[in-house]
Amino acid sequence: MASPAPLLEAVAGIAQCDGDFPTVIRGLSVHRRSTLGAPMPCIYGLGLGLTLQGRKQVLMGDEVYDFSPGMSLLTTVDLAVASHVVEASRDTPFLGMLLTLDPETVIDEAARMDLPPLPKGFSYRPISLEPLDAPLVEALLRLVRLPSEERLVGALAPLIRREITIRLLAGSHGPHLRHVVTVGTPGQQIANVMRWLKLNFHRTLRMDELAASANMSPSTFRQHFRDVAGMSPLQYQKQLRLQEARQIMLNEHVDASVAGLRVGYESPSQFSREYSRLFGAPPQQDIRRLRVS
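Definitions and cut-offs
Residues numbered from 1 in each chain as written. Predicted model: local features only at pLDDT ≥ 70, side-chain atom pairs only at ≥ 80, totals over all residues. Heavy atoms only, no water. Helix = DSSP H or I, 4+ residues; strand = E, 2+ residues; numbered from the N terminus. Rg over C-alpha atoms; globule rule 2.2 N^0.38 Å. Buried < 20%, exposed > 50% of the residue type's maximum accessible area, 1.4 Å probe, protein only. Contact = heavy atoms within 4.5 Å. Pairing = 2+ DSSP bridges. Axes fitted to C-alpha atoms, helices over the stretch in contact; angles between N-to-C directions. Salt bridge = Lys/Arg side-chain N within 4 Å of Asp/Glu carboxyl O. Phe/Tyr/Trp six-rings, centres within 6.5 Å; stacked < 30°, edge-to-face > 60°. Parallel < 35°, antiparallel > 145°, perpendicular 65-115°, else oblique. Left-handed = near helix turned anticlockwise from the far one by under 90°. Nonpolar A, V, L, I, M, F, W, Y, C, P; charged D, E, K, R; others polar.

Asks: Run through the overall build of the protein chain, naming residues and quoting values.
Replies: For the protein chain, the count of helices and strands is 12 helices and 10 strands. Taking 293 residues into account, the globule formula puts the C-alpha radius of gyration at 19 Å, and the protein chain, at 20 Å, falls close to it. C-alpha extents for the protein chain along the principal axes are approximately 50 × 50 × 35 Å. Counting every position in the protein chain, which comprises 293 residues, the buried fraction comes to 47%. Sequence-distant contacts in the protein chain: of pairs separated by 6 or more residues, those separated by 24 or more amount to 72%.

So this is what it looks like as structure tokens:
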């Protein structure tokens, strides 16, 4: 397992107080927390996450991923999960980073590389948790330090991001990443449906049409979808709607009835009920809590 100590130092230099810190490099952000938190529902897209100090848990359905320093967590599709920091203090805060990946780059590099076939009996998982290796740490460190070379960011950042994608495809995460870009695999078909749902969550869900778009029977589609997403298509759509409504209320200062209508709810009471069930408080109370925090 590679030591992330230099990477920890670089991230700590960016995140000098609690919060989420986007960088000038597309898709790269660093994160710091000095207090523990309750599980927070969120959407994890295609990307690589690292815990560099402290500890975090990611919950998907009944599965719990314990995310500690020296490990890397890769999500290969848009997943509705809950995550929370479980080890942090004011003196030793949680520090982590996230790098979103470009699907087209993954597809392009997977086609270029001379990769071995997927292992016999390989079981795809949409989240993979693997030890960090030294070459990947080195590439990530170069990316985190790159903003200090302002004139070179535009030229070098895409190259380092591509290198990281190549190393992920060739490394222990590779089979899971390749599975969702291999044409015809169930993972690739479900990933396509999930991408469509993310863009069209406000529409009425028609299971037969979704199954047909994945070239599956409705029963097979439901099973494969649950295997990948950890929930049914309807539950997944519901989480997408509620997450989007939360962002609308937080960023646009609209009330719950307007936000609910915009994401596809016809009944304000149903929206409020399902929102409270997911986030632990009615919409307006939850938004006030978020603004205070």
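Still more ground to cover, so stick around.
Asks: Let's hear about the side chain of Q53: which residues, and what values?
Replies: Mapped onto the elements, Q53 comes out in strand β4 (residues 47-53). Once residues within four sequence positions are removed from consideration, Q53 is found in contact with L8, P69, T92, P93, F94 and L95.

Asks: Now, about the sheet that holds strand β6 (residues 63-67): what can you tell me, with residues and values included?
Replies: The four strands lie next to each other as β3-β8-β5-β6, forming an open sheet whose pairing is antiparallel. Each edge of the open sheet carries a strand with a single partner, namely β3 (40-44) and β6. Strand after strand, the sheet turns through a mean of 35° between neighbouring axes, direction not considered. Sitting on the sheet, helix α9 (residues 233-252) is in contact with β3 and β8 (79-87), with an inclination near 105° to β3.

Asks: Kindly report on the pattern of salt bridges, identifying the contributing residues and their values.
Replies: Throughout the structure, instances matching the rule amount to 15 salt bridges. Among the salt bridges present, the one from R125 reaches E63, with a minimum N-O distance of 2.3 Å. Taken as a pair, R125 in the loop between α2 (103-112) and β10 (127-131) and E63 in strand β6 lie far apart in primary sequence, 62 residues in all. You can call E63 partly exposed: its relative accessible area is 32%.

Asks: Give a description of the packing of aromatic side chains that names residues and reports values.
Replies: With the rule as written, the count across this model stands at five aromatic pairs. When the centroid spacing of 5.7 Å and the interplanar angle of 55° are considered together, the rings of F221 and F225 count as tilted. Highlighted residues: F221 and F225, both in helix α8 (residues 218-229), separated by four residues, approximately one helical turn. In this structure F221 comes out as buried when scored by relative accessible area, which is 0%. Both rings, one in Y275 and one in F279, keep their centres 4.6 Å apart while their planes meet at 50°; by these two values the pair is tilted. Of the two residues, Y275 and F279 both sit in helix α11 (residues 268-279), four residues apart, roughly one turn of that helix. Each member of the pair, Y275 as well as F279, is classed as buried.

Asks: So, the packing of α9 against helix α12 (residues 283-292): which residues are in play, and what are the values?
Replies: For the pair α9 and α12, interaxial distance at closest approach is 10 Å and the crossing angle is 60°. Comparing the axis directions of α9 and α12 gives the class oblique. As for how α9 packs across α12, the hand of that crossing is right-handed. When α9 is examined against α12, the residues R246, M249 and L250 are found in contact with a partner set consisting of P283, Q284, D286, I287, R289, L290 and R291. The class makeup of the residues in the contact of α9 with α12 is five nonpolar, one polar and four charged.

Asks: An account of the pairing of strand β7 (residues 71-75) is requested, with residue identities and associated values reported.
Replies: Counting buried positions along β7 yields five of five residues, so the element is predominantly enclosed. Of the two faces of β7, the one carrying M71, L73 and T75 and the one carrying S72 and L74 are both buried. Bridge count for β7 against β10 is five bridges, and the pairing is antiparallel. Bridging from a neighbouring strand, T75 pairs with I127 of β10.

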